[in-house]
Amino acid sequence: MKDIVIALAKGRLAELSIEVFEKIGIDCSQMKEKTRKLIFENEELGLKFIMVKATDVATYVEYGAADIGIVGSDVLIEEGRNLYEMVNLGFGKCKVAVAGPASMAGRLSGGNNIRVATKYPHIARDYFEFKKGQTIEIIKLNGSIELAPLVGLSDVIVDIVESGKTLAENGLVVLEDITDISARLVVNRVSMKMEKERILDIVSKIKAEIAARGDRA
Ligand code: PRP
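The structure presented is a predicted model; accordingly, all values stated were derived computationally and were not measured. (Residues numbered from 1 in each chain as written. Predicted model: local features only at pLDDT ≥ 70, side-chain atom pairs only at ≥ 80, totals over all residues. Heavy atoms only, no water.)

Draft legend 1. Examining the site of the ligand more closely. Residues in close proximity to the ligand include Lys119, Gly143, Ser144, Glu146, Asp159, Ile160, Val161, Glu162, Ser163, Gly164, Lys165 and Thr166, which together make up its full environment. Calculation on the ligand without its partners gives an accessible area of 500 Å², and the protein chains cover 64% of this total. Put simply, the ligand lies in the largest pocket. When contributions to the shell around the ligand are tallied by element, the ones reaching two or more residues are strand 9 (156-161) and helix 7 (165-169). (Near = heavy atom within 4 Å. Areas by Shrake-Rupley, 256 points an atom, 1.4 Å probe, with all protein chains shown as cover. 1 Å grid on protein atoms, 1.4 Å probe; cavity = no way out; pocket = protein on both sides within 12 Å on 5 of 7 lines; lining within 4 Å. Sits in = over half its atoms within 2 Å of the grid points. Helix = DSSP H or I, 4+ residues; strand = E, 2+ residues; numbered from the N terminus.)

Draft legend 2. The nonpolar core, seen in detail. Ranked by size, the top nonpolar core spans 45 residues in total, and within it Leu8, Phe21, Phe49, Leu89 and Ile206 carry the most contacts. Secondary structure elements with two or more residues in this core: strand 1 (4-9), helix 1 (12-23), strand 3 (47-52), helix 3 (57-62), strand 4 (68-72), helix 4 (73-79), strand 11 (183-187) and helix 9 (196-213). Phe21 has contacts with Ile6, Leu8, Ile26, Cys28, Phe49, Ile70, Ile202 and Ile206, leaving out every residue within four places of it along the chain. Grouped together as the second largest cluster of nonpolar side chains are 18 residues, Cys94, Ala124, Leu175 and Ile181 included. (Core = buried A, V, L, I, M, F, W, Y, C linked by side-chain atoms within 4.5 Å. Buried < 20%, exposed > 50% of the residue type's maximum accessible area, 1.4 Å probe, protein only. Contact = heavy atoms within 4.5 Å.)

Draft legend 3. Inspection of a nonpolar patch on the surface at higher detail. Taken together, Leu147, Leu150, Val151 and Leu153 make up a surface patch of nonpolar side chains, about 350 Å² in accessible area. Position of Leu147 among the secondary structure elements: in helix 6 (residues 147-150). A relative accessible area of 48% means that Leu147 is categorised as partly exposed. (Patch = residues over 30% accessible without salt bridge, like charges linked within 9 Å, V, L, I, M, F, W, Y side chains within 5 Å. Salt bridge = Lys/Arg side-chain N within 4 Å of Asp/Glu carboxyl O.)

Draft legend 4. Representation of the layout of surface pockets. Taken as a whole, the largest pocket spans an internal volume of roughly 990 Å³. Surrounding the largest pocket, 37 residues form its lining, Ala54, Asp74, Lys119, Tyr120 and Ile160 being those nearest its centre. Counting only elements with at least two residues in the lining of the largest pocket, the list comes to helix 1, helix 4, strand 9 and helix 7. Among the residues making up the lining of the largest pocket, the classes are represented as 15 nonpolar, 10 polar and 12 charged. Its volume calculated, the second largest pocket comes out at about 450 Å³. Along its surface, the second largest pocket is lined by 15 residues, and Met31, Glu33, Lys34, Thr35 and Met51 are the ones closest to its centre. Every element with two or more residues in the lining of the second largest pocket is listed here: helix 1 and helix 2 (29-32). Ranked by residues supplied to the lining of the second largest pocket, first place goes to helix 1 with three residues. (Points joined across faces, edges and corners; volume = space filled by probe spheres on them. Nonpolar A, V, L, I, M, F, W, Y, C, P; charged D, E, K, R; others polar.)

Quick look at the structure:
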């Protein structure tokens, strides 16, 4: 029997995902130990967990290197991957927002050409150019996005806001909300045909666990 491969996003999302897998009776104790290992096998259940960078989860699933993945909806919106989105897990909640110095509030409209630093060029372009009709120049960064307006690299940023702490500690504010984000369970399209029963068994147990959490999620 082929292993079902599950891709998890290293970090906080993996911790929350592991909690869910344990709740549905899958032992993940090895994965909770501090280790640099990237693959964890559960021979008894025919499962394999792989730990990948958050932005790579959807890639592993789309190409079939993983059958199932748990990934933030920010990555799915940004990359528009060809896969099945099966469950809104309700955790990993945050939002994508436009942020910057409070003084920028009045410049976020029509005719102004502004510079936007972001890890999410598609989300930023879609929001400013297609939804607001505002011309922008995008500066693609890979991290520490909040730094960009502080050193004159950009006017504003488009980034994830979770607690708001990073913005506050850097003297920036949310100027406009773009979209709410949460973790999603995704499935490879071919796996869904070839391993339908085993995948739907896992998916339905996870759905039940998430539903049972209700407002606690
Ligand atoms: C994310 C995001 C913000 C921060 C938001 O960064 O890009 O910087 O978290 O969280 P907060 O609202 O709770 O402060 P991440 O930690 O992923 O680091 P990086 O993007 O700088 O690599």
